[in-house]
Amino acid sequence: MKNRIILLAMASLMFVSCKEQVVVSNTSEETELATYKGKEISLENDTKIDALISQMTLEEKVGMLHGNSMFATGGVERLGIRELKMVDGPLGIREEISRDSWAAAGWDNDFATYYPAAGAVAATWNPELSYTFGNSVGQEARARGKDMLLSPAINIIRTPLGGRTYEYFTEDPFLNKKLAVPFVVGLQENDVMACVKHFAVNNQETNRGTVDVLADERTLREIYLPAFKATVVEAHAHSLMGAYNKFRGDYLCENDYMLNKILRDEWGFRGVVVSDWAAVHSTVKSLKNGLDIEMGTPKPFNEFFLADKLIAAAKNGEISDEEINKHVKRILRVLFQVKAMDGENRVKGSLATEAHYKDAYDIAAESVVLLKNDKNLLPLKLEGVKSIAVIGNNAKKTNALGGFGAGVKTKREVTPLDGLTNRLPEGVKINYAEGYLERYSKNENDKKEEVTLHGPLTVDELDEAKLSEAIEAAKNSDVAIIFAGSNRDYETEASDRRNLFLPFGQEELIKKVLEVNPNTIVVMIAGAPFDLTEIKKEASTLVWSWFNGSEGGHVLADVILGNINPSGKLPWTMPKRIEDSPAHATHSFPGEASVNYTEGILVGYRWFDTKKIEPLYPFGYGLSYTSFEFSELKTNKKEYEVNEVIEVTFNIKNTGDLDGKEVAQLYVSDPESYVEKAAQELKGFKKVFVKSGASTQVTIQLPVKELAYYNEVIKEWLVEPGTYKIKIGNSSRNITEEVSVNIK
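Predicted model only: the values in this text are computed from it and were never measured.

Calculation notes
Residues numbered from 1 in each chain as written. Predicted model: local features only at pLDDT ≥ 70, side-chain atom pairs only at ≥ 80, totals over all residues. Heavy atoms only, no water. Buried < 20%, exposed > 50% of the residue type's maximum accessible area, 1.4 Å probe, protein only. Helix = DSSP H or I, 4+ residues; strand = E, 2+ residues; numbered from the N terminus. Pairing = 2+ DSSP bridges. 1 Å grid on protein atoms, 1.4 Å probe; cavity = no way out; pocket = protein on both sides within 12 Å on 5 of 7 lines; lining within 4 Å. Points joined across faces, edges and corners; volume = space filled by probe spheres on them. Nonpolar A, V, L, I, M, F, W, Y, C, P; charged D, E, K, R; others polar.

Caption draft 1: Molecular detail of the pairing of strand 15 (residues 479–485). Within strand 15, seven of the seven residues are buried, which leaves it mostly tucked inside the rest of the structure. The alternating pattern of strand 15 places Val-479, Ile-481, Phe-483 and Gly-485 on one face and Ala-480, Ile-482 and Ala-484 on the opposite face, and all of these are buried. Pairing between strand 15 and strand 16 (residues 520–525): six bridges, direction parallel. Directly across from Phe-483, in strand 16, lies its bridge partner Val-523.

Pasting the structure below:
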């Protein structure tokens, strides 16, 4: 740390003494996202809004600043101001619940499409599909009469053990923002507010309600804020959700630096800040420091900090009418923005349509990652195959509902067993065996609070009868397919996992099946990394899938049978050991009262690549049923100034026998830097379809501003002059072409 401070000071002095570093005016996080630009919140209704506020009583104003039910804030019926209605939506539109409890409302018309989890969306490396998700789920929100969707969740994946890893996109800030912006744009085109969460540095579930996150300014700016900034500056997100935890001593729902100075003063945010549920700890401080709406559940709604306590504070002169009016005005602006005030020409939406199920299928189809195919068992050739053993609890497990957190009540969730049953010809017999039981410890010595803090405690001994049944099925079948991994009861909000090991004795089951049938395909269904070291050694064929939506089972069957050529890439690094991951190597997870982000900017692959630690599978990794070759990498010039764009071109040739999609990944290295930088950073990517035997030229635009780093001493973004290496490959560890450019 001392050396790092010295280097930063040197960089500052060099800048001040007119060395040729270039200030980037705090814009380095802006990238080429021209296709996805959101509409800024309009100010044209401010005169109407001021007139409405002038007619409101103190009690009516305060009623708009807190929940009056589980998922709505108060309106003012006499003035035509309706409730602001919210809904959860990381996997699709949540079923309707009661106004004053988490109990289901019991509607029969609130079935919705179950969409792939955000981890699957990230694995597509396809911003167009993120837009598709946002637009499709936005239509469903409107069909249910909602004004705000509590999504997307875009926190950086700091630890593989994170309970909500499945719900977040990726460990990389560049990929994160390239996916977050189109999602928000697509959603808000349907007259629905996106509520981007959880702002910010909310990267663990353990002690999430109390832990104080300590991160230096450069780490904050380069890793944890870029996606949030992009959703505000480019997508014009109408709402953000304040996180549970503290940042540098203050809770994030009352954090002046984050909510006022950065979000509003620097980024120009015009929308509303909503608290996470029961994340508010003060009345006057919360409002003055940037919170607009308090939501929560543990007590009567009038007892919230921004309810009766706020009325009392206003009457006692602790807070001004002007301050309260400011927050009411923000809420009315966004209600006008999504046409909720009069409803004229507002999008009507549609719910659980075949078109939306097709959207879910399309996303899942590009998310499946082929990890290993050494014997070319895949795509599965059915000639001579009369029977297939389908093994594993996950073959029949549904994940639309489950865990602690928002799920979807859906009429359609195709399981892997369903998918194979529907896709295989009638002459192929399926021999199903559950193989392992999903069981959790009920040991009376296990403290309940420990389980809450450290994740579910599983029973990992195999049931002998289930094991025997699985072995017999594998022995008596031509091919075996094991569906293993995790589920949404094991990976869940409110707790992080205890370790990287597969639960429920699955590793032993897989090994025993492989012993009796070498023609075994292992399919993992999970949202976060697991220790697959032994399975990788033993199995010739390994596939990674996700909590993949209503059509997930059909997608997996189509991948196995070759109707889909897999094109997914890992959106995070899969370590060999948990000790190799940065938050664990630095012993800075989970912390107690506070957690110090000691690894700084070296999150995810940045750590592995810089420290030269070999992962089990690297960031960006994923195979195909065909093969690709990169060549002729070049740039349009050799020397650039800071306001220019580097045009990078190269060829991709499909050298295999099948048509397929490849993700070209552009990484940049700055070997001459005066300050600490990662060995390489993702700064561009493009997914392209190439026919068998054909070649295509690919162009990626790289703004020079993307090469900037944040200088903590002078509080500016700087582009260092010098020689940079531009690298092209199909994962962070498979770089095949490299070229150098000079920045003046």
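Caption draft 2: Representation of unusual backbone geometry in the model. At the junction of Lys-197 and His-198, the peptide bond is cis and its omega measures out at -5 degrees in the coordinates. Omega for the bond connecting Phe-199 with Ala-200 falls within 30 degrees of zero, at -5 degrees, which places this linkage in the cis form. Residue position: Ala-200 is located in the loop between strand 6 (193–199) and strand 7 (212–214). Residues other than glycine seldom take positive phi values, yet His-587 does so here, at roughly 55 degrees. Position of His-587 among the secondary structure elements: in the loop between helix 20 (582–585) and strand 18 (594–596). Of the residues examined, His-587 reaches a relative accessible area of 72% and is grouped as exposed.

Caption draft 3: Just the layout of surface pockets, in detail. Estimates place the volume of the largest pocket at around 630 Å³. Residue lining of the largest pocket: 35 residues in total, with Arg-94, Trp-102, Phe-404, Gly-405 and Glu-493 positioned closest to the centre. Looking at the lining of the largest pocket, the elements with two or more residues in it are strand 6 and helix 15 (448–454). Across the lining of the largest pocket, the residue classes break down as 18 nonpolar, seven polar and 10 charged.

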